[in-house]
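Residue strings, one per chain:
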Amino acid sequence: MNNLQKIINIAYDGYLYFKKYQGAEVGDLTGFIPFEEVAGDVEVLFEERKPKMFKQRFQISSSSCVAQTHAKMLEVESGGVNVYTALPCYNERSNKPGLGMIANDALSYPTKRGTELESKIPSQYMNEYQMNNTKYDDSEFVKMKATPINIPIDFYAVARAIKQNKSVMLFIKDSYNGWCRDIPNGASKSEDFRHAVAGVDIIKYKGVEYIIIEDSAGTWVKTSDIPLGAGQRAITKEYFNAHVYFAGGWVNFEYTESKILKKDKFKFTKPMVFGEQSDDVRQMQILLQKLGLFPSNIPTTGRYLEATRKAVKSFQIKYAVDNMAVINNLNGKRAGDKTIAKLNAIQ
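Residues numbered from 1 in each chain as written. Predicted model: local features only at pLDDT ≥ 70, side-chain atom pairs only at ≥ 80, totals over all residues. Heavy atoms only, no water.

## Side note on the overall build of the protein chain
Okay, step 1: Scanning the protein chain for helices and strands turns up 13 helices and 13 strands.
Okay, step 2: A globule of 347 residues ought to have a C-alpha radius of gyration of about 20 Å, and the protein chain, at 23 Å, matches this closely.
Okay, step 3: For the protein chain, the spread of C-alpha atoms along the principal axes amounts to about 70 × 50 × 35 Å.
Okay, step 4: For the protein chain, the exposed area adds up to about 16000 Å²; of that, 52% sits on carbon and sulfur atoms.
Okay, step 5: Across the protein chain, 46 positive and 39 negative side-chain charges occur, with their mean positions spaced 4 Å apart. (Helix = DSSP H or I, 4+ residues; strand = E, 2+ residues; numbered from the N terminus. Rg over C-alpha atoms; globule rule 2.2 N^0.38 Å. Areas by Shrake-Rupley, 256 points an atom, 1.4 Å probe, with all protein chains shown as cover. Lys, Arg positive; Asp, Glu negative; His and termini not counted. Charge placed at Lys NZ, Arg CZ, Asp CG, Glu CD.)

## Quick notes on the state of the cysteines
Okay, step 1: On inspection of all chains with the given rule, the structure shows 0 disulfides.
Okay, step 2: The closest cysteine sulfur to the non-disulfide-bonded cysteine 89 is located on cysteine 65, 11 Å from its own sulfur.
Okay, step 3: Left unpaired, cysteine 180 is separated from the closest cysteine sulfur, that of cysteine 65, by 13 Å. (Disulfide = S-S within 2.5 Å.)

## Describing the nonpolar core
Okay, step 1: Counting residues in each nonpolar core, the largest one holds 48 residues, and the members touching the most others are Ile151, Val158, Leu170, Ile211, Met272, Met284 and Leu288.
Okay, step 2: Here the element with the most residues in this core is helix H7 (residues 155–165); it accounts for 6 residues.
Okay, step 3: With residues up to four places along the chain from it excluded, the contact list for isoleucine 211 reads Phe155, Val158, Ala159, Ile162, Gly199, Asp201, Ile202, Arg233, Ala234, Ile235 and Phe240.
Okay, step 4: Core analysis: the next-biggest nonpolar cluster, separate from the first, contains 42 residues, Phe141, Met169, Ile203 and Ile212 among them. (Core = buried A, V, L, I, M, F, W, Y, C linked by side-chain atoms within 4.5 Å. Buried < 20%, exposed > 50% of the residue type's maximum accessible area, 1.4 Å probe, protein only. Contact = heavy atoms within 4.5 Å.)

## Overview of the environment of proline 227
Okay, step 1: With respect to the helices and strands, the residue proline 227 is situated in the loop between strand S9 (208–214) and strand S10 (232–235).
Okay, step 2: Residue proline 227 is classed as partly exposed on the basis of its relative accessible area, which comes to 27%.
Okay, step 3: On a C-alpha basis, the gap between proline 227 and tyrosine 205 in space is 9.5 Å, while along the polypeptide they are 22 residues apart.
Okay, step 4: Ignoring anything within four residues of it in the chain, the contact list for proline 227 reads Lys50, Pro51, Met53 and Tyr205.

## Quick look at the packing of aromatic side chains
Okay, step 1: Within the structure shown, the criterion is met by 15 aromatic pairs.
Okay, step 2: Both rings, one in phenylalanine 46 and one in phenylalanine 155, keep their centres 5.8 Å apart while their planes meet at 5 degrees; by these two values the pair is stacked. Here phenylalanine 46 is found in the loop between helix H2 (35–38) and strand S4 (47–48), whereas its partner phenylalanine 155 is found in helix H7, with 109 residues between them in sequence. We note that phenylalanine 46, like phenylalanine 155, is buried.
Okay, step 3: Over the ring of tyrosine 245 we find arginine 194; its NZ or CZ atom is 4.9 Å from the centre of that ring.
Okay, step 4: A cation sits over an aromatic face here: lysine 333 above phenylalanine 274, 5.1 Å from the ring centre. (Phe/Tyr/Trp six-rings, centres within 6.5 Å; stacked < 30°, edge-to-face > 60°. Lys NZ or Arg CZ within 6 Å of the ring centre and 35° of its normal.)

## As for the pattern of salt bridges
Okay, step 1: If you walk through the whole model with that rule in mind, you get 15 salt bridges.
Okay, step 2: The closest approach of N and O atoms between glutamate 128 and arginine 93, which form a salt bridge, is 3.6 Å. With a gap of 35 residues between them, glutamate 128 in helix H6 (residues 128–133) and arginine 93 in the loop between helix H4 (87–91) and strand S5 (101–102) connect regions that are remote in the sequence.
Okay, step 3: For glutamate 128, a relative accessible area of 0% gives the class buried.
Okay, step 4: A residue is classified by how much of its surface remains accessible, and arginine 93, at 4% relative accessible area, is buried.
Okay, step 5: One salt bridge in this structure joins lysine 338 and aspartate 322, with 3.2 Å as the shortest N-O distance. Here lysine 338 is found in helix H13 (residues 337–345), whereas its partner aspartate 322 is found in the loop between helix H11 (306–318) and helix H12 (324–330), with 16 residues between them in sequence.
Okay, step 6: Judged by its relative accessible area of 26%, aspartate 322 is partly exposed.
Okay, step 7: A cluster of three or more residues bridged by salt bridges with shared partners is formed by Glu47, Arg49 and Asp201. (Salt bridge = Lys/Arg side-chain N within 4 Å of Asp/Glu carboxyl O.)

## Quick word on the side chain of serine 64
Okay, step 1: Relative to the helices and strands, serine 64 resides in the loop between S4 and helix H3 (65–77).
Okay, step 2: The class for serine 64 is buried, based on a relative accessible area of 0%.
Okay, step 3: Engagement of the side chain of serine 64 in a polar contact is seen with the side chain of serine 62, the distance being 2.8 Å. (Polar contact = N/O pair within 3.5 Å; in protein donor to acceptor, adjacent residues only side chain to side chain.)

## Here's the deal with the confidence of the model for the protein chain
Okay, step 1: Looking at the protein chain, the pLDDT average stands at 89 and 93% of residues meet or exceed 70.
Okay, step 2: Note that residues 6–21 has pLDDT below 50 and, in this model, 29 contacts with residues that lie over four places away or in other chains. (pLDDT = per-residue confidence, 0-100.)

## Concerning the packing of H3 against helix H5 (residues 103–112)
Okay, step 1: Two elements in contact, H3 and H5, have axes separated by 9 Å at closest approach and are oriented at 45 degrees. Taken together, the axes of H3 and H5 lie oblique to each other. With respect to the hand of their crossing, H3 and H5 are arranged in right-handed fashion. Residue-level inspection shows Val66, His70, Met73 and Leu74 of H3 in contact with H5, the latter providing Ala106, Leu107, Tyr109 and Pro110.
Okay, step 2: Here the residues of the contact of H3 with H5 are counted per class, giving 7 nonpolar, 1 polar and no charged. (Axes fitted to C-alpha atoms, helices over the stretch in contact; angles between N-to-C directions. Parallel < 35°, antiparallel > 145°, perpendicular 65-115°, else oblique. Left-handed = near helix turned anticlockwise from the far one by under 90°. Nonpolar A, V, L, I, M, F, W, Y, C, P; charged D, E, K, R; others polar.)

## Focus: the pairing of strand S8 (residues 193–205)
Okay, step 1: Counting buried residues in S8 gives 11 out of 13 residues, a clear majority hidden from the surface.
Okay, step 2: One ladder, built from 2 bridges, connects S4 with S8; its direction is parallel. When the sheet's bridge partners are listed, glutamate 48 is paired in S8 with lysine 204.
Okay, step 3: As defined by bridge partners, strand S7 (residues 168–174) adjoins S8 across 7 bridges and the pair is classed as antiparallel. (Pairing = 2+ DSSP bridges.)

Here it is, written out as structure tokens:
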């Protein structure tokens, strides 16, 4: 590394140090599936045990926490077998060269661009300049079929999402003093920074329920005897309620076509619209599942939300319910007379 490069790197590090750290921004969540639409019947049980362990990440002098969290979630998805890079995800963020990253960029990256191993494209122990300017080869990226989900800011909803989907992206705002300990106390009301971490497990320890998080950045004070792994912390319900401002993840939808039986037939008689909940919507979801248009690995709740909207639009396109101008204008948010007639006709 030449002297000019060293000066540039030092300048970046100094800029980050003196700037109020804003690493995690929510941004536009259009297209995210509401968690209540995909939540299965998963028992949320906080067990008295040691937390699951994963490999520690090292985010040094960069604002790449959202991308680092995305990489951690991929690792958890693999059962801890693979360690993934965060560099391309951060390098291609929509707000570049601004610091930090928005949720949608990270959670949609595995589907839009793909994934690669840390061993192929290193992303740890790197400063902001390196994360922004290191060249990489994307020819072997592997795309995932992952759809971003938006999870309610609720301790038990996030716990359920971790049990069902293995990991969750959490955005936290806090003071450094309140945050820099193995069990953040949240005593301060100030917001020195906004930071992203991965929720990877739920446990109970000495009667207290905790969400276990993996943090890619910083060091913290050991204040408890919870057997946490390197890079892990534990947050309580009280801390969560005071400091978490976004929770998201992804779900891998599965689609399976099956035969429509006589006993499954249902006569649709009235229009259905986005946002409603009814038995008609539930019956439509069941039919769309059998047609391979509505995910087979989520429950048919009767709630006309984002996954149903996408399925309805796919149905309208596949069966040419109307011209494309009308279909695109409706964007799957209404199953009107023509759609109902087609639903009844194909049974």
